[in-house]
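Below are the chains, spelled out letter by letter.
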Amino acid sequence: MQPRNMSMRGVVDLGAVKAAADNAAKRAAAPAGKPAAASGAQRVVIDVTEATFETEVLALSQQAPVVIDFWAEWCQPCKQLSPLLERLAEEYAGRFVLAKIDVDANPRLAQEFGIQGIPAVMAVLGGQLAPLFQGVVPEQQARQVLDQLVQLGEERFGLTGVVVDGEPVGAPAEVEEEEEPAGDPLLAAADEALEAGDLDGAAQAFRNVLSDHPAHAEAKLGLINTELLLRTQGVDADKARVDAAEFPDDVAVQTLAADLDVLDGRADEAFARLVETVRRTAGDDRNTARLHLLELFEIVGADDPRVPKARMALAGVLF
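What you see is a predicted model, and the numbers here were worked out from it, not measured in a lab.

Conventions and cut-offs
Residues numbered from 1 in each chain as written. Predicted model: local features only at pLDDT ≥ 70, side-chain atom pairs only at ≥ 80, totals over all residues. Heavy atoms only, no water. Helix = DSSP H or I, 4+ residues; strand = E, 2+ residues; numbered from the N terminus. Contact = heavy atoms within 4.5 Å. Areas by Shrake-Rupley, 256 points an atom, 1.4 Å probe, with all protein chains shown as cover. Phe/Tyr/Trp six-rings, centres within 6.5 Å; stacked < 30°, edge-to-face > 60°. Expected span 1.5 Å × (residues − 1). Buried < 20%, exposed > 50% of the residue type's maximum accessible area, 1.4 Å probe, protein only. Arc of directions from axis to C-beta. Pairing = 2+ DSSP bridges.

A.B. asks: Can you tell me about the overall build of the chain, naming the residues and giving the values?
C.D. replies: Looking only at helices and strands, the chain has 14 helices and eight strands in total. Taking as baseline every contact in the chain between residues at least 6 positions apart, the subset at least 24 positions apart corresponds to 69%. Carbon and sulfur atoms provide 50% of the accessible area of the chain, an area that totals close to 15,700 Å².

A.B. asks: Before we move on, could you go through the packing of aromatic side chains and cite the residues and values that matter?
C.D. replies: Using the criterion set out here, one finds four aromatic pairs in the structure. What links up through ring pairs into an aromatic cluster is the set Phe 53, Phe 70 and Phe 113.

A.B. asks: Give me helix H12 (residues 267–280): which residues, what numbers.
C.D. replies: Over its 14 residues, H12 runs 20 Å from end to end, which matches the ideal 20 Å to within 8%, given 1.5 Å per residue. Within the sequence span of H12, burial applies to Ala 267, Ala 270, Phe 271, Arg 273, Leu 274, Val 275, Thr 277 and Val 278. Of the surrounding secondary structure, the elements contacted by the buried residues of H12 are helix H10 (237–246), helix H11 (251–263), helix H13 (283–300) and helix H14 (306–318).

A.B. asks: Outline helix H3 (residues 78–92), supporting the account with residue identities and numerical values.
C.D. replies: Taking 1.5 Å of rise per residue, 15 residues should cover 21 Å, and H3 covers 21 Å from first to last C-alpha, within 8% of that figure. What H3 keeps buried is the set Cys 78, Leu 81, Ser 82, Leu 84, Leu 85, Leu 88, Ala 89 and Tyr 92. Taken down its axis, H3 places every buried residue within 165 degrees of arc, on the same side. Exposed residues pointing more than 90 degrees away from the buried face of H3 are listed as Gln 80 and Glu 90. Its buried side turned inward, H3 meets strand S4 (45–47), strand S5 (66–71), strand S6 (97–102), strand S7 (120–125), strand S8 (128–134) and helix H5 (139–157). Taken from the residues just after H3, Ala 93 is the one with a positive phi, measuring 55 degrees.

A.B. asks: Could you give me a rundown of the pairing of S8, with the residues and numbers involved?
C.D. replies: The side chains of a regular strand alternate between the sheet's two faces. Alignment of S7 against S8, held across six bridges, turns out to be antiparallel. Pairing of Leu 125 across the sheet is with Gln 128, part of S8. Linkage of S7 to S8, two consecutive antiparallel strands, is achieved through a turn of two residues, within which Gly 126 is found at a positive phi near 55 degrees.

Here's what the structure looks like:
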């Protein structure tokens, strides 16, 4: 079977799968061993069970695309495809996570996903499911599908990847080697504009860098921080918070108040505010609040303990 082009047409909600995982979790304890994430670092290849599906796939899919490899020990084609996917997961370094599900050990998950033959590969992005391919495929085709998946995750869901071994992800190794640790000349114009208090000029300078170097992590972070300052420039903080209390369903009002919370060092309040906004809204409003929250996660930083806690809260209201 040829890999399907990634499209959000036909994407299904994973509520039924989550319910199955919840029921299974009540009947079985999570397996012993090291959890998927430890000390702030995420493994890029994980074994998933019915009991751990929610935390290791649904919640993680809010940070990076999760590619699911359905396999079994007796499956000879699986022994060809699985090592390829594992190698690519290591190479992509956190831009996607590979979740391996043994269909013999986890028959309910296989049933919920409608698996009729293995190997079968699917993906979860922001809690939404998309089929990728079935059977063994050449490495070039696998790369094409994964590249498209990563791009879709970033553009449609704001997925920036996970931290691997304490290092930020989102750029291939060769791009990271080109970046200079300090005094990057690419950022000189933005730095000068910031020093002069020209936020509009700084934002444009960061955009100029990103147009030529899309994976430039410092430029991306500089842009979202500068845009935060632009959104809150001249805003009456007291009035904004009064408005937020009066109009709890107004996404624009809530996101502005959350921006002000972050600037005041109250990131936990900002996160809680937007998680609640996501819970109360639907459709485009809900997606706007969710993407804004993901941007604030980037601003605060993945190493801040409030971020993973808020990610779990977000997953809880989405599913």
